[in-house]
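Given next are the chains, with one letter for each unit.
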Amino acid sequence: MKKLIFFLLMSFSLIDCIDCDISSPEDIAFGFRLVNKVTGADLIKGVRAEEKIRILDEDGEDPDGFTVFDSGTIFLRVHRNVEEALEQRANRTFLLYLNTNANPNVEDIDTLQFEYEFGETKGCPKLDYTFFKVSYNDSLYHEGKFIDATKFFK
């Protein structure tokens, strides 16, 4: 019986040493949808996304992981690298250039702002978001633990 208890204790203590299959923060993307606040219709779904939306960061560069799916969901990687926000808050702003159906020759520019921080965790991955805040056009949509997706109402 003592051998069984010793074996179980050793097994549980080694669990943290095993590599996990969960992505590191470098691989985590944030997803969102743009929704008409009056009708609830998705503004990107069913259109040719490359003609409808363009996203640039505050330096005028395309964000890593920027992808638009046919479903209308848009993904991008919020952070440049983990080190910039390790145990300290970092900020990043993106500009969304949208061509509206009402006037396809005029771009509507929206702002997507993030504040975030990474820290060590006891689980997998060992390093993860410990704080995540997202605002769309100066409206706070979330503040707290990381969320992987949301809807923005326009």
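Relevant structure appears above.
Just so you know, these numbers come straight off a predicted model, no measurement behind them.

The rules behind the values
- Residue numbering note: each chain is counted from 1, following its sequence as written.
- Totals for whole chains, interfaces and linings use all residues, but because this is a predicted model, local features are given only for residues with pLDDT of at least 70 and pairs of side-chain atoms are given and counted only at 80 or more.
- Here the side-chain values reflect all heavy atoms present in the structure, with hydrogen atoms and water set aside.
- At least two DSSP bridges between two strands are required for those strands to pair.
- Segments assigned H or I by DSSP are reported as helices when at least four residues long, segments assigned E as strands when at least two residues long, and all are numbered from the N terminus.
- Exposure classes here rest on a 1.4 Å probe applied to the protein chains alone. A residue is buried below 20% of its type maximum, exposed above 50%, and partly exposed in between.
- In this description, a nonpolar core means a group of buried Ala, Val, Leu, Ile, Met, Phe, Trp, Tyr and Cys residues linked to one another through side-chain atoms lying within 4.5 Å.
- Contacts are assigned to residue pairs with any non-hydrogen atoms lying within 4.5 Å of each other.
- For helices, the fitted line uses only the C-alpha atoms of the stretch in contact; every axis is such a line through C-alpha atoms, and the angle between N-to-C directions lies from 0 to 180 degrees.

Q: Which parts of the structure should I look at to understand the sheet that holds strand E9 (residues 149-153)?
A: Strand pairing in a sheet relies on backbone hydrogen bonds. The paired strands run either parallel or antiparallel. On the basis of which strands lie adjacent, the open sheet formed by four strands has the order E3-E4-E1-E9 and mixed pairing. Strands with a single pairing partner mark the edges of an open sheet, and in this sheet they are strand E3 (67-68) and E9. Bridging between strand E1 (residues 30-35) and E9 involves five bridges; their strand directions are parallel. Counterpart to Gly31 in the pairing with E9 is Ala149.

Q: How should I be thinking about the pairing of strand E7 (residues 127-136) in this particular structure?
A: On a regular strand, one side chain projects to one face of the sheet and the next to the other, so that they alternate. Pairing of strand E6 (residues 107-120) with E7 involves nine bridges; the strand directions are antiparallel. When the bridges of E7 are listed, Glu120 appears paired with Leu127. Bridge count for E7 against strand E8 (residues 139-144) is five bridges, and the pairing is antiparallel. Along E8, the bridge assignment pairs Tyr136 with Ser139. Hairpin remark: E7 followed by E8, antiparallel, with two residues in the connecting loop; positive phi at Asn137, about 50°.

Q: Looking at this structure, I do not really get unusual backbone geometry. What am I missing?
A: It is generally the case that most residues other than glycine have a negative phi and that most peptide bonds are trans. Phi at Glu87 is positive, roughly 60°, even though this residue is not glycine. Assignment of secondary structure puts Glu87 in the loop between strand E4 (74-76) and strand E5 (90-99). On the basis of relative accessible area, Glu87 is assigned to the exposed category, the value being 52%. The phi dihedral of Asn137 is positive, around 50°, even though this residue is not glycine. With respect to the helices, strands and loops of the structure, Asn137 is situated in the loop between E7 and E8.

Q: Looking at this structure, I do not really get the nonpolar core. What am I missing?
A: In summary, soluble globular proteins display a tendency toward joint burial of nonpolar side chains. Grouped together as the largest cluster of nonpolar side chains are 25 residues, with contacts concentrated most on Phe32, Leu34, Leu96, Leu112, Phe114 and Tyr116. Sorting the residues of this core by element identifies E1, strand E2 (53-57), E4, E5, E6 and E7 as the ones contributing at least two each. Excluding residues within four positions of it along the chain, Phe114 makes contact with Phe30, Leu76, Val78, Ala90, Asn91, Arg92, Phe94, Phe132, Lys133 and Val134.

Q: Before we go on, may I ask you to explain the sheet that holds E5 in this structure?
A: Spatial ordering of the open sheet is given by E2-E5-E6-E7-E8, a layout of five strands whose pairing is antiparallel. What marks the edges here is a single partner per strand, and that holds for E2 and E8. Along the sheet, successive strands turn relative to each other by an average axial angle of 20°, direction set aside.

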